[in-house]
Amino acid sequence: MSQASAGAAFLATLKRDLLISLKRRNDILNPFMFFIIVVSLFPIGISPESAMLRQIAAGVIWIAVLLASMLSMDSLYRSDYEDGTLEQLLLSSMPLYLLVFAKNIAHWLVSGLPVIVVSPLLAYMLALPAEGYLTLVASLLLGTPVVGMLGSIAVALTVGLGSRGLILAVITVPMSVPVLIFGTLAVQNALAGGSPLGYLALLGAMLALTISLAPVATAAALRISVN
Amino acid sequence: MLEVRALNCERNDRLLFRDLAFILEAGQVLQVKGGNGSGKTTLLRIICGLNDSYSGELFWHGAPLGEQRDAVCAGLLYIGHRVAVNRVLTPLENLRWSSRLHHPADDGRIREALGQIGLAGYEDSPCHSLSAGQYQRVSLARLLLRGGGLWVLDEPFTTLDTHGVTLLENLVRRHAESGGAVLITTHHKLVLPGLRTLTLGVAE
(Lines give C-alpha, C1' and ligand atoms only; values in the text may rest on other atoms or scores of the structure.)
Protein backbone atom coordinates (compact mmCIF):
# COMPACT_ATOMS: atom_id res chain seq x y z
CA MET A 1 0.00 0.00 0.00
CA SER A 2 1.66 3.20 -1.12
CA GLN A 3 1.73 6.26 1.08
CA ALA A 4 -0.67 9.02 0.11
CA SER A 5 0.81 12.30 -0.95
CA ALA A 6 -0.75 15.73 -0.66
CA GLY A 7 -0.23 16.29 -4.38
CA ALA A 8 -2.13 13.12 -5.29
CA ALA A 9 -5.00 14.09 -2.99
CA PHE A 10 -5.06 17.59 -4.50
CA LEU A 11 -5.20 16.26 -8.06
CA ALA A 12 -7.76 13.59 -7.17
CA THR A 13 -10.06 16.18 -5.61
CA LEU A 14 -9.66 18.51 -8.60
CA LYS A 15 -10.42 15.67 -10.99
CA ARG A 16 -13.40 14.47 -8.97
CA ASP A 17 -15.03 17.90 -8.90
CA LEU A 18 -14.47 18.46 -12.62
CA LEU A 19 -15.95 15.04 -13.34
CA ILE A 20 -19.03 15.78 -11.22
CA SER A 21 -19.52 19.10 -13.02
CA LEU A 22 -19.22 17.44 -16.41
CA LYS A 23 -21.87 14.91 -15.41
CA ARG A 24 -24.16 17.59 -14.00
CA ARG A 25 -24.04 20.01 -16.91
CA ASN A 26 -26.80 22.23 -15.55
CA ASP A 27 -24.44 23.47 -12.87
CA ILE A 28 -22.17 24.82 -15.60
CA LEU A 29 -24.82 25.91 -18.07
CA ASN A 30 -27.16 27.79 -15.74
CA PRO A 31 -24.73 30.54 -14.61
CA PHE A 32 -23.37 30.79 -18.13
CA MET A 33 -26.81 31.25 -19.71
CA PHE A 34 -27.78 33.65 -16.93
CA PHE A 35 -24.72 35.77 -17.71
CA ILE A 36 -25.56 35.94 -21.41
CA ILE A 37 -29.22 36.75 -20.76
CA VAL A 38 -28.47 39.55 -18.28
CA VAL A 39 -25.94 41.22 -20.58
CA SER A 40 -28.12 40.94 -23.69
CA LEU A 41 -31.07 42.59 -21.94
CA PHE A 42 -29.18 45.87 -21.49
CA PRO A 43 -29.16 47.01 -25.14
CA ILE A 44 -32.86 46.15 -25.31
CA GLY A 45 -33.80 47.83 -22.07
CA ILE A 46 -31.62 50.93 -22.14
CA SER A 47 -30.70 51.87 -25.66
CA PRO A 48 -29.17 50.21 -28.68
CA GLU A 49 -27.10 53.38 -29.31
CA SER A 50 -23.46 52.37 -29.32
CA ALA A 51 -22.39 55.74 -27.85
CA MET A 52 -24.50 54.98 -24.79
CA LEU A 53 -23.61 51.29 -24.60
CA ARG A 54 -19.85 51.71 -24.74
CA GLN A 55 -20.05 53.88 -21.60
CA ILE A 56 -21.67 51.13 -19.56
CA ALA A 57 -20.22 48.04 -21.30
CA ALA A 58 -17.47 47.23 -18.79
CA GLY A 59 -19.73 47.81 -15.79
CA VAL A 60 -22.56 45.72 -17.23
CA ILE A 61 -20.28 42.79 -17.97
CA TRP A 62 -18.63 42.94 -14.56
CA ILE A 63 -21.98 43.12 -12.72
CA ALA A 64 -23.36 40.22 -14.75
CA VAL A 65 -20.24 38.20 -13.95
CA LEU A 66 -20.72 38.87 -10.22
CA LEU A 67 -24.38 37.86 -10.34
CA ALA A 68 -23.61 34.73 -12.35
CA SER A 69 -20.95 33.69 -9.86
CA MET A 70 -23.46 34.12 -6.98
CA LEU A 71 -25.75 31.75 -8.84
CA SER A 72 -23.08 29.14 -9.40
CA MET A 73 -21.78 29.31 -5.83
CA ASP A 74 -24.88 27.91 -4.24
CA SER A 75 -24.00 24.40 -5.37
CA LEU A 76 -20.38 24.62 -4.26
CA TYR A 77 -20.41 22.56 -1.04
CA ARG A 78 -24.07 21.64 -0.81
CA SER A 79 -24.01 18.13 -2.25
CA ASP A 80 -20.75 17.40 -0.45
CA TYR A 81 -22.39 18.43 2.80
CA GLU A 82 -25.50 16.37 2.14
CA ASP A 83 -23.78 13.13 1.16
CA GLY A 84 -21.12 13.25 3.89
CA THR A 85 -18.17 14.01 1.62
CA LEU A 86 -17.26 17.05 3.71
CA GLU A 87 -16.83 14.85 6.78
CA GLN A 88 -14.39 12.69 4.86
CA LEU A 89 -12.50 15.77 3.68
CA LEU A 90 -12.15 16.90 7.30
CA LEU A 91 -10.92 13.45 8.30
CA SER A 92 -8.37 13.21 5.52
CA SER A 93 -4.75 13.05 6.58
CA MET A 94 -4.06 15.75 3.98
CA PRO A 95 -4.18 19.47 4.77
CA LEU A 96 -7.78 20.62 4.36
CA TYR A 97 -6.93 24.03 2.87
CA LEU A 98 -5.17 22.28 -0.01
CA LEU A 99 -8.23 20.16 -0.80
CA VAL A 100 -10.43 23.24 -0.49
CA PHE A 101 -8.14 25.06 -2.91
CA ALA A 102 -8.49 22.17 -5.37
CA LYS A 103 -12.27 22.49 -5.14
CA ASN A 104 -12.01 26.26 -5.69
CA ILE A 105 -9.92 25.77 -8.82
CA ALA A 106 -12.33 23.17 -10.20
CA HIS A 107 -15.25 25.49 -9.52
CA TRP A 108 -13.53 28.40 -11.27
CA LEU A 109 -12.66 26.26 -14.28
CA VAL A 110 -16.30 25.32 -14.85
CA SER A 111 -18.04 28.53 -13.78
CA GLY A 112 -15.53 31.37 -14.21
CA LEU A 113 -13.60 30.42 -17.28
CA PRO A 114 -16.54 29.90 -19.71
CA VAL A 115 -17.88 33.34 -18.79
CA ILE A 116 -14.49 34.93 -19.46
CA VAL A 117 -14.17 33.16 -22.79
CA VAL A 118 -17.49 34.48 -24.01
CA SER A 119 -17.06 38.01 -22.56
CA PRO A 120 -15.29 39.55 -25.62
CA LEU A 121 -18.26 38.51 -27.74
CA LEU A 122 -20.67 40.26 -25.39
CA ALA A 123 -18.33 43.23 -25.17
CA TYR A 124 -18.60 43.47 -28.95
CA MET A 125 -22.36 43.41 -28.65
CA LEU A 126 -22.16 46.30 -26.17
CA ALA A 127 -19.92 48.22 -28.60
CA LEU A 128 -16.91 48.24 -26.30
CA PRO A 129 -14.03 49.82 -28.26
CA ALA A 130 -11.33 47.37 -29.32
CA GLU A 131 -8.68 48.81 -27.01
CA GLY A 132 -10.74 47.71 -24.02
CA TYR A 133 -10.97 43.98 -24.85
CA LEU A 134 -7.61 42.86 -23.56
CA THR A 135 -7.98 44.79 -20.31
CA LEU A 136 -11.49 43.45 -19.78
CA VAL A 137 -10.37 39.86 -20.19
CA ALA A 138 -7.29 40.43 -18.01
CA SER A 139 -9.37 42.05 -15.26
CA LEU A 140 -11.86 39.16 -15.38
CA LEU A 141 -9.04 36.60 -15.27
CA LEU A 142 -7.64 38.24 -12.15
CA GLY A 143 -10.94 39.20 -10.54
CA THR A 144 -13.24 36.18 -10.93
CA PRO A 145 -11.06 33.81 -8.86
CA VAL A 146 -11.07 36.41 -6.07
CA VAL A 147 -14.87 36.56 -6.12
CA GLY A 148 -15.08 32.77 -6.27
CA MET A 149 -12.80 32.21 -3.31
CA LEU A 150 -14.46 34.91 -1.20
CA GLY A 151 -17.77 33.29 -2.02
CA SER A 152 -16.34 29.93 -1.01
CA ILE A 153 -15.82 31.25 2.54
CA ALA A 154 -19.43 32.45 2.68
CA VAL A 155 -20.76 29.17 1.30
CA ALA A 156 -18.69 27.20 3.80
CA LEU A 157 -20.12 29.27 6.65
CA THR A 158 -23.72 28.81 5.54
CA VAL A 159 -23.70 25.28 4.16
CA GLY A 160 -25.14 23.83 7.38
CA LEU A 161 -28.13 26.17 7.36
CA GLY A 162 -31.35 24.70 6.05
CA SER A 163 -32.50 27.57 3.84
CA ARG A 164 -30.00 30.30 3.38
CA GLY A 165 -31.74 32.30 0.66
CA LEU A 166 -30.09 35.65 0.15
CA ILE A 167 -27.68 35.43 3.06
CA LEU A 168 -24.97 34.21 0.72
CA ALA A 169 -25.25 37.32 -1.46
CA VAL A 170 -25.40 39.57 1.61
CA ILE A 171 -22.06 38.19 2.81
CA THR A 172 -20.33 37.98 -0.58
CA VAL A 173 -21.39 41.14 -2.41
CA PRO A 174 -19.82 43.69 -0.02
CA MET A 175 -16.54 41.78 -0.10
CA SER A 176 -16.63 41.69 -3.91
CA VAL A 177 -17.24 45.42 -4.39
CA PRO A 178 -13.52 46.36 -4.52
CA VAL A 179 -13.03 43.80 -7.30
CA LEU A 180 -15.93 45.32 -9.23
CA ILE A 181 -14.54 48.86 -8.78
CA PHE A 182 -10.99 48.06 -9.87
CA GLY A 183 -12.16 45.78 -12.68
CA THR A 184 -14.33 48.46 -14.31
CA LEU A 185 -11.82 51.25 -13.58
CA ALA A 186 -9.11 49.27 -15.37
CA VAL A 187 -11.23 49.01 -18.52
CA GLN A 188 -12.33 52.66 -18.41
CA ASN A 189 -8.73 53.75 -17.95
CA ALA A 190 -7.67 51.73 -20.98
CA LEU A 191 -10.47 53.31 -23.03
CA ALA A 192 -9.38 56.81 -21.94
CA GLY A 193 -5.91 56.07 -23.29
CA GLY A 194 -4.25 55.58 -19.91
CA SER A 195 -2.48 52.49 -18.66
CA PRO A 196 -4.69 49.97 -16.86
CA LEU A 197 -1.69 48.27 -15.29
CA GLY A 198 -2.07 49.98 -11.92
CA TYR A 199 -5.60 48.67 -11.42
CA LEU A 200 -4.68 45.25 -12.79
CA ALA A 201 -1.79 45.15 -10.32
CA LEU A 202 -4.24 45.88 -7.51
CA LEU A 203 -6.47 43.04 -8.72
CA GLY A 204 -3.38 40.81 -8.87
CA ALA A 205 -2.54 41.73 -5.29
CA MET A 206 -6.08 40.84 -4.21
CA LEU A 207 -5.77 37.53 -6.02
CA ALA A 208 -2.47 36.74 -4.26
CA LEU A 209 -4.03 37.62 -0.91
CA THR A 210 -7.15 35.50 -1.45
CA ILE A 211 -5.18 32.53 -2.76
CA SER A 212 -3.06 32.52 0.38
CA LEU A 213 -5.79 33.25 2.94
CA ALA A 214 -9.22 32.26 1.58
CA PRO A 215 -8.67 28.46 1.48
CA VAL A 216 -7.51 28.56 5.11
CA ALA A 217 -10.58 30.59 6.10
CA THR A 218 -12.85 28.25 4.11
CA ALA A 219 -11.30 25.22 5.81
CA ALA A 220 -11.95 26.77 9.24
CA ALA A 221 -15.52 27.66 8.23
CA LEU A 222 -16.17 24.10 7.04
CA ARG A 223 -15.01 22.71 10.38
CA ILE A 224 -17.55 24.95 12.12
CA SER A 225 -20.35 24.05 9.71
CA VAL A 226 -19.86 20.29 9.99
CA ASN A 227 -19.67 20.41 13.79
CA MET B 1 -5.77 2.36 21.19
CA LEU B 2 -8.57 4.66 22.29
CA GLU B 3 -9.38 5.77 25.82
CA VAL B 4 -12.31 7.93 26.86
CA ARG B 5 -12.38 9.46 30.36
CA ALA B 6 -15.20 11.35 32.08
CA LEU B 7 -16.88 12.36 28.85
CA ASN B 8 -19.90 14.64 29.17
CA CYS B 9 -21.98 15.85 26.31
CA GLU B 10 -24.91 18.22 26.27
CA ARG B 11 -26.76 19.11 23.13
CA ASN B 12 -29.57 21.64 22.78
CA ASP B 13 -29.66 21.88 26.60
CA ARG B 14 -30.23 18.15 26.90
CA LEU B 15 -27.76 15.92 28.64
CA LEU B 16 -26.83 13.07 26.31
CA PHE B 17 -24.34 11.28 28.54
CA ARG B 18 -22.29 12.00 31.64
CA ASP B 19 -19.07 10.51 33.01
CA LEU B 20 -18.72 8.15 30.11
CA ALA B 21 -15.50 6.15 30.24
CA PHE B 22 -14.21 3.19 28.26
CA ILE B 23 -11.03 1.80 26.79
CA LEU B 24 -10.86 0.25 23.35
CA GLU B 25 -7.78 -1.89 22.76
CA ALA B 26 -6.46 -3.30 19.52
CA GLY B 27 -8.36 -6.46 18.60
CA GLN B 28 -11.58 -5.39 20.29
CA VAL B 29 -15.03 -4.63 18.96
CA LEU B 30 -17.25 -2.28 20.94
CA GLN B 31 -20.92 -2.02 20.08
CA VAL B 32 -22.60 1.18 21.20
CA LYS B 33 -26.28 0.63 21.97
CA GLY B 34 -29.06 2.96 23.01
CA GLY B 35 -32.42 4.23 21.88
CA ASN B 36 -33.01 6.82 19.19
CA GLY B 37 -31.59 10.17 20.27
CA SER B 38 -29.44 8.70 23.04
CA GLY B 39 -26.27 10.18 21.57
CA LYS B 40 -24.68 7.26 19.71
CA THR B 41 -23.88 9.23 16.59
CA THR B 42 -22.73 12.21 18.67
CA LEU B 43 -20.32 9.99 20.59
CA LEU B 44 -18.86 8.64 17.36
CA ARG B 45 -18.50 12.12 15.90
CA ILE B 46 -16.80 13.38 19.07
CA ILE B 47 -14.25 10.59 18.80
CA CYS B 48 -13.61 11.43 15.15
CA GLY B 49 -13.14 15.10 15.99
CA LEU B 50 -16.19 16.18 14.03
CA ASN B 51 -18.01 17.50 17.10
CA ASP B 52 -16.44 19.53 19.89
CA SER B 53 -19.42 20.26 22.14
CA TYR B 54 -18.20 18.01 24.95
CA SER B 55 -16.10 18.07 28.07
CA GLY B 56 -13.82 15.27 29.15
CA GLU B 57 -10.64 13.63 27.97
CA LEU B 58 -9.90 11.52 24.93
CA PHE B 59 -6.65 9.62 24.45
CA TRP B 60 -5.28 8.06 21.28
CA HIS B 61 -2.48 5.54 21.88
CA GLY B 62 -1.89 7.08 25.30
CA ALA B 63 -1.58 10.74 24.30
CA PRO B 64 -4.34 13.38 24.20
CA LEU B 65 -6.32 13.00 21.00
CA GLY B 66 -6.66 16.70 20.28
CA GLU B 67 -2.90 17.16 20.04
CA GLN B 68 -2.36 14.57 17.33
CA ARG B 69 -5.11 15.14 14.82
CA ASP B 70 -2.96 14.02 11.88
CA ALA B 71 -2.09 10.68 13.46
CA VAL B 72 -5.74 10.12 14.39
CA CYS B 73 -6.95 10.95 10.88
CA ALA B 74 -4.39 8.57 9.40
CA GLY B 75 -5.41 5.72 11.72
CA LEU B 76 -9.15 6.14 11.72
CA LEU B 77 -11.82 5.23 9.21
CA TYR B 78 -15.24 6.75 9.74
CA ILE B 79 -18.38 5.76 7.86
CA GLY B 80 -21.30 7.83 9.07
CA HIS B 81 -25.00 7.94 8.28
CA ARG B 82 -24.11 9.98 5.27
CA VAL B 83 -21.73 7.63 3.59
CA ALA B 84 -19.79 10.10 1.42
CA VAL B 85 -20.59 8.45 -1.89
CA ASN B 86 -21.41 10.90 -4.66
CA ARG B 87 -24.50 9.87 -6.62
CA VAL B 88 -23.47 11.08 -10.06
CA LEU B 89 -20.09 9.34 -9.95
CA THR B 90 -19.59 5.60 -10.39
CA PRO B 91 -18.41 3.39 -7.50
CA LEU B 92 -14.98 3.21 -9.13
CA GLU B 93 -14.68 7.01 -9.39
CA ASN B 94 -15.88 7.47 -5.82
CA LEU B 95 -13.35 5.04 -4.39
CA ARG B 96 -10.56 6.32 -6.59
CA TRP B 97 -11.02 9.71 -4.95
CA SER B 98 -11.58 8.59 -1.37
CA SER B 99 -8.56 6.29 -1.45
CA ARG B 100 -6.36 9.20 -2.55
CA LEU B 101 -7.24 10.98 0.70
CA HIS B 102 -5.46 8.29 2.69
CA HIS B 103 -3.86 5.36 0.91
CA PRO B 104 -3.93 5.56 -2.88
CA ALA B 105 -5.16 2.32 -4.41
CA ASP B 106 -4.91 1.50 -8.09
CA ASP B 107 -7.94 0.62 -10.19
CA GLY B 108 -7.18 -3.10 -10.01
CA ARG B 109 -7.36 -3.11 -6.23
CA ILE B 110 -10.50 -1.00 -6.22
CA ARG B 111 -12.25 -3.36 -8.68
CA GLU B 112 -11.15 -6.29 -6.54
CA ALA B 113 -12.59 -4.63 -3.41
CA LEU B 114 -15.87 -3.86 -5.20
CA GLY B 115 -16.02 -7.48 -6.32
CA GLN B 116 -15.50 -8.73 -2.77
CA ILE B 117 -18.21 -6.45 -1.44
CA GLY B 118 -20.69 -7.81 -4.00
CA LEU B 119 -20.68 -5.02 -6.56
CA ALA B 120 -18.99 -6.86 -9.43
CA GLY B 121 -20.51 -5.59 -12.65
CA TYR B 122 -21.61 -2.29 -11.10
CA GLU B 123 -18.17 -0.63 -11.01
CA ASP B 124 -19.03 1.76 -13.82
CA SER B 125 -22.72 2.42 -13.18
CA PRO B 126 -23.59 5.81 -11.71
CA CYS B 127 -24.36 5.47 -8.00
CA HIS B 128 -27.83 7.03 -8.34
CA SER B 129 -28.85 3.95 -10.31
CA LEU B 130 -27.85 1.59 -7.49
CA SER B 131 -30.24 0.30 -4.82
CA ALA B 132 -29.93 1.62 -1.26
CA GLY B 133 -28.10 -1.49 -0.15
CA GLN B 134 -25.68 -1.38 -3.06
CA TYR B 135 -25.10 2.32 -2.37
CA GLN B 136 -24.18 1.45 1.22
CA ARG B 137 -21.86 -1.28 -0.03
CA VAL B 138 -19.88 1.25 -2.06
CA SER B 139 -18.91 2.98 1.18
CA LEU B 140 -18.14 -0.37 2.83
CA ALA B 141 -15.65 -1.18 0.07
CA ARG B 142 -13.48 1.49 1.69
CA LEU B 143 -13.02 -0.89 4.62
CA LEU B 144 -11.20 -3.24 2.27
CA LEU B 145 -8.94 -0.54 0.88
CA ARG B 146 -7.71 0.79 4.20
CA GLY B 147 -5.30 -1.05 6.47
CA GLY B 148 -5.37 -1.38 10.24
CA GLY B 149 -6.43 1.16 12.81
CA LEU B 150 -9.80 2.07 14.23
CA TRP B 151 -13.01 1.65 12.29
CA VAL B 152 -15.84 3.90 13.43
CA LEU B 153 -19.06 2.68 11.85
CA ASP B 154 -22.41 4.37 12.37
CA GLU B 155 -25.37 2.08 11.62
CA PRO B 156 -23.63 0.26 8.77
CA PHE B 157 -26.21 -2.55 8.66
CA THR B 158 -29.36 -0.53 8.03
CA THR B 159 -29.89 -1.21 4.33
CA LEU B 160 -27.92 -4.43 3.89
CA ASP B 161 -29.55 -7.74 2.99
CA THR B 162 -28.75 -10.89 4.99
CA HIS B 163 -25.84 -11.73 2.74
CA GLY B 164 -24.45 -8.22 3.20
CA VAL B 165 -24.84 -8.44 6.96
CA THR B 166 -22.81 -11.66 7.06
CA LEU B 167 -20.22 -10.10 4.80
CA LEU B 168 -19.81 -7.06 7.03
CA GLU B 169 -19.74 -9.15 10.20
CA ASN B 170 -16.92 -11.19 8.71
CA LEU B 171 -15.04 -8.03 7.77
CA VAL B 172 -15.37 -6.70 11.31
CA ARG B 173 -14.27 -10.02 12.81
CA ARG B 174 -11.26 -10.28 10.51
CA HIS B 175 -10.28 -6.68 11.21
CA ALA B 176 -10.33 -7.31 14.97
CA GLU B 177 -8.38 -10.55 14.58
CA SER B 178 -5.69 -8.77 12.60
CA GLY B 179 -5.14 -6.21 15.36
CA GLY B 180 -7.61 -3.49 14.42
CA ALA B 181 -10.35 -2.08 16.61
CA VAL B 182 -13.98 -1.38 15.75
CA LEU B 183 -16.45 1.01 17.31
CA ILE B 184 -19.89 0.34 15.91
CA THR B 185 -23.44 1.49 16.52
CA THR B 186 -26.24 -0.76 15.43
CA HIS B 187 -29.59 -2.12 16.58
CA HIS B 188 -28.69 -5.32 14.81
CA LYS B 189 -27.74 -8.27 17.03
CA LEU B 190 -24.05 -8.81 16.43
CA VAL B 191 -22.65 -12.30 16.80
CA LEU B 192 -18.96 -11.88 17.40
CA PRO B 193 -16.59 -13.55 19.86
CA GLY B 194 -15.42 -11.17 22.58
CA LEU B 195 -17.93 -8.48 21.64
CA ARG B 196 -18.24 -5.70 24.22
CA THR B 197 -21.22 -3.41 24.46
CA LEU B 198 -21.80 0.07 25.78
CA THR B 199 -25.37 1.19 26.38
CA LEU B 200 -26.18 4.88 26.34
CA GLY B 201 -29.18 6.39 28.05
CA VAL B 202 -31.13 5.12 31.01
CA ALA B 203 -32.57 1.64 30.67
CA GLU B 204 -36.31 1.84 31.06
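Please read these numbers as outputs of a predicted model, since none were measured by experiment.

A. Focus on the interface of chain A and chain B. Taken residue by residue, the interface counts 30 residues in chain A and 30 residues in chain B. Both sides together, the interface formed by chain A and chain B hides about 2800 Å², and carbon and sulfur atoms give 57% of it. Between Glu87 of chain A and Arg45 of chain B there is a salt bridge, with the nearest N and O atoms lying 2.4 Å from each other. Seen at the junction of chain A and chain B, the total is 11 residue pairs in polar contact (both at pLDDT 80 or more). Secondary structure elements with two or more residues in the side of chain A that touches chain B: α1 (6-23), α4 (78-82) and α5 (85-90) of chain A. Element by element, the count of residues in the side of chain A that touches chain B is highest for α1 of chain A, at 8 residues.

B. Examining the pairing of strand β2 (residues 14-24) of chain B more closely. All names here are of chain B. Pairing between strand β1 (residues 2-11) and β2: 7 bridges, direction antiparallel. Along β2, the bridge assignment pairs Cys9 with Phe17. The hairpin turn running from β1 into β2, its antiparallel successor, is 2 residues long, and Asn12 in that turn takes a positive phi close to 50°.

C. The nonpolar core, seen in detail. Within the largest apolar cluster, 92 residues are counted, with the highest numbers of intra-cluster contacts made by Phe35 of chain A together with Phe22, Leu43 and Leu150 of chain B. Of all the elements, helix α3 (residues 50-73) of chain A adds the most residues to this core, at 11 residues. Discounting residues that sit within four places of it in the chain, Leu150 of chain B has contacts with Met1, Leu2, Leu24, Trp60, Gly75, Leu76, Leu77, Ala181, Val182 and Leu183 of chain B. Listed in part, the 34 residues of the second largest apolar core include Leu95, Tyr135, Val138 and Val182 of chain B.

D. Up close: helix α6 (residues 162-177) of chain B. All names here are of chain B. Compared with the 22 Å implied by 1.5 Å per residue over 16 residues, the 23 Å span of α6 between its first and last C-alpha is a close match. Buried residues of α6: Gly164, Val165, Leu168, Glu169, Leu171, Val172, His175 and Ala176, and no others. Looking straight down α6, one finds its buried side chains confined to an arc of 155°; they lie on one side. Exposed and facing more than 90 degrees away from the buried side of α6 are Thr162, His163 and Glu177.

What counts, and at which threshold
- Residues numbered from 1 in each chain as written.
- Chains lettered and ligands numbered in written order.
- Predicted model: local features only at pLDDT ≥ 70, side-chain atom pairs only at ≥ 80, totals over all residues.
- Heavy atoms only, no water.
- Contact = heavy atoms within 4.5 Å.
- Buried area = accessible area lost by both parts, 1.4 Å probe.
- Salt bridge = Lys/Arg side-chain N within 4 Å of Asp/Glu carboxyl O.
- Polar contact = N/O pair within 3.5 Å; in protein donor to acceptor, adjacent residues only side chain to side chain.
- Helix = DSSP H or I, 4+ residues; strand = E, 2+ residues; numbered from the N terminus.
- Pairing = 2+ DSSP bridges.
- Core = buried A, V, L, I, M, F, W, Y, C linked by side-chain atoms within 4.5 Å.
- Buried < 20%, exposed > 50% of the residue type's maximum accessible area, 1.4 Å probe, protein only.
- Expected span 1.5 Å × (residues − 1).
- Arc of directions from axis to C-beta.

Shape descriptors only; they carry no functional weight alone.
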